[in-house]
Amino acid sequence: MTDFAATKAMFYLPEGMIYLDGNSLGPLPKAAEARVARTITAEWGEKVITGWNRAGWMAQPTALGDRIARLIGAEPGHVVLGDTLSIKVYQALAAAIDLVPDRKVILTDNGNFPSDIYMAEGLIKSLGRGHELRVVDPQDVENHINDDLAVLMLTQVDYRTGRLHDMADLTAKVHAVGAVASWDLAHTAGAMAVDLKGCNADFAVGCTYKYLNAGPGAPAFIYVSPRHINTCQPALSGWLGHEAPFAFDLDYRPGTGIERMRVGTPSVLQMAALDASLDIWDQVDMDDLRTASIALTEQFIAGIEAQCPMLTLASSRNPQERGSQVSFAFEHGYAAMQACIARNVVGDFRAPNIMRFGFCPLFIDASDVDAAINVITDVMTNRLWDHPDYKRVSRVT
Ligand SMILES: *Cc1c(COP(=O)(O)O)cnc(C)c1O
């Protein structure tokens, strides 16, 4: 059994704060501070350029990828870290399109994160081969899986509502029509167990600054199935994805295995923070995590619905159909969330009217949920949000 009291003690959180936004930016693993400091002084400071070999910097993207692989059910050697998630979305989609050259439809849903859609639009434009991005309602996705389909590109857990797609079922349907599937795990990796191998996923991408707690700007990851890794063509053909980067050939040849999905110089300091975070994740059983997460979200929904009738549940009521976050719709959601944050209950707001709360059992327990319900109830029943201070919209919401 995972000891969640022990994992909670491994995170730093500001005094008195109930942090329900680990789905947006995970909190600081206490060990990350010393780990990053050591990388700066003992590695960057003392080893300078030799750190690439002597401190293992160059091997970090795949070494850390293997540790993430366990959390997402990937085969070892098939996950690599680097760049940002938007870049990895582009890379996966470009490689996927290439595998189905005679079809033109890329299917996604309107619950997908805008950056994924923007990256697809940009890729289609630069390819100039007449691809069509078909954006449908989440519940209609399967009705559009037919013989025209080239690539299904979905985010498994909806960032706004937490609605969960059935990866195994949709991927099987996609394969049955001869297409491929690329999954974005931004709100799944570290939120629940994923079984990429069992689902026969073709490509997957995700980030490490949300549930994986590696800090702002931490690198993204990409997974390519063993079925495709030696045939897929990297569209972003940077030198570190080359077969022999230090041969400095003028012709690009893709590297062996997942190495080919690397692009340029990895973010070493940020990966030191990820390393510290994964030390905590190494102690977590993903089935225990899901059980604990469902208990917390059920407790939260029951408490809020009992006390705050003005809030409307925007997430699925069925825990099997949602990720590790709960969203409520409220007309004055932005101001209400600011009022909660001012009282140390931190969630976030997603336009147009969604108050979003993330539940990560690694550092949130049942007593935190009770305390959060009390604060939110106070804000709602006493209209504490109805104050000009809470209505000024910041750059980041
Ligand atoms: C958070 C998130 C992103 C953000 O992409 P970055 O390039 O890391 O800023 C993209 N897609 C999804 C689905 C996300 O949830």
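What counts, and at which threshold
Residues numbered from 1 in each chain as written. Predicted model: local features only at pLDDT ≥ 70, side-chain atom pairs only at ≥ 80, totals over all residues. Heavy atoms only, no water. Helix = DSSP H or I, 4+ residues; strand = E, 2+ residues; numbered from the N terminus. Polar contact = N/O pair within 3.5 Å; in protein donor to acceptor, adjacent residues only side chain to side chain. Contact = heavy atoms within 4.5 Å. 1 Å grid on protein atoms, 1.4 Å probe; cavity = no way out; pocket = protein on both sides within 12 Å on 5 of 7 lines; lining within 4 Å. Points joined across faces, edges and corners; volume = space filled by probe spheres on them. Nonpolar A, V, L, I, M, F, W, Y, C, P; charged D, E, K, R; others polar. Patch = residues over 30% accessible without salt bridge, like charges linked within 9 Å, V, L, I, M, F, W, Y side chains within 5 Å. Areas by Shrake-Rupley, 256 points an atom, 1.4 Å probe, with all protein chains shown as cover. Salt bridge = Lys/Arg side-chain N within 4 Å of Asp/Glu carboxyl O. Pairing = 2+ DSSP bridges. Axes fitted to C-alpha atoms, helices over the stretch in contact; angles between N-to-C directions. Near = heavy atom within 4 Å. Sits in = over half its atoms within 2 Å of the grid points.

A. Examining the side chain of S324 more closely. Structurally, S324 is set in the loop between β11 (312–313) and β12 (325–329). A distance of 2.8 Å separates the side chain of S324 from the side chain of S293, its partner in a polar contact. For S324, the side chain forms a polar contact with the main-chain oxygen of F359, separated by 2.6 Å. Excluding residues that lie within four positions of it along the chain, S324 makes contacts with A191, Y211, S293, T297, F357, G358 and F359.

B. Representation of the layout of surface pockets in the model. Considered as a void within the structure, the largest pocket measures approximately 610 Å³ in volume. Around the largest pocket sit 31 residues that line it, and S24, Y209, K210, R350 and V396 are the ones nearest its centre. With 3 residues, the single largest contributor to the lining of the largest pocket is helix α10 (residues 333–342). Per-class residue counts for the lining of the largest pocket are 10 nonpolar, 12 polar and 9 charged. Forming the boundary of the second largest pocket are 16 residues, of which Q156, L164, M192, A193 and Q320 lie nearest the centre. Take the lining of the second largest pocket: its biggest share by element is 3 residues, from helix α9 (residues 286–307). Partitioned by chemical class, the residues of the lining of the second largest pocket number 8 nonpolar, 3 polar and 5 charged.

C. Expanded view of empty space enclosed by the protein. If you walk through the whole model with that rule in mind, you get 1 cavity of 30 Å³ or more. Estimated volume of the largest cavity: approximately 40 Å³. With 3 residues, strand β8 (residues 180–184) is the single largest residue contributor to the lining of the largest cavity. Split into classes, the residues belonging to the lining of the largest cavity amount to 4 nonpolar, 1 polar and 2 charged.

D. Up close: a nonpolar patch on the surface. On the surface, I40, W44 and L269 cluster together into a nonpolar patch covering about 280 Å² of accessible area. Along the polypeptide, L269 turns up in helix α8 (residues 268–281).

E. Quick look at the sheet that holds strand β15 (residues 354–358). Overall, antiparallel pairing links the 4 strands, which are arranged β11-β12-β15-β14 in an open sheet. Every interior strand has two partners, whereas the edge strands, β11 and β14 (348–350), have only one. Across the sheet, α10 is in contact with β14 and β15; its angle to β15 comes to roughly 40°.

F. Molecular detail of the sheet that holds strand β10 (residues 220–224). Spatial ordering of the open sheet is given by β4-β10-β9-β8-β7-β5-β6, a layout of 7 strands whose pairing is mixed. With partners counted over all chains shown, the strands left at the sheet margins are β4 (79–81) and β6 (132–136), one partner each. Within this sheet the neighbouring strands show an average axis-to-axis angle of 20°, counted without direction. In the packing of helix α7 (residues 167–176) onto the sheet, the strands contacted are β7 (149–155) and β8, and the crossing angle to β8 comes to about 155°.

G. Representation of the site of the ligand. The ligand sits among T84, L85, S86, F113, D116, T155, D184, A186, H187, Y209 and K210. Within the side chain of Y209, one N or O atom sits 2.7 Å away from an oxygen atom of the ligand. A total of 390 Å² of accessible area belongs to the ligand in isolation, and the protein chains cover 85% of it. Put simply, the ligand lies in the largest pocket. A class-by-class count of the residues in the shell around the ligand yields 4 nonpolar, 4 polar and 3 charged.

Note that all results are geometric; they support no functional claim without further evidence.
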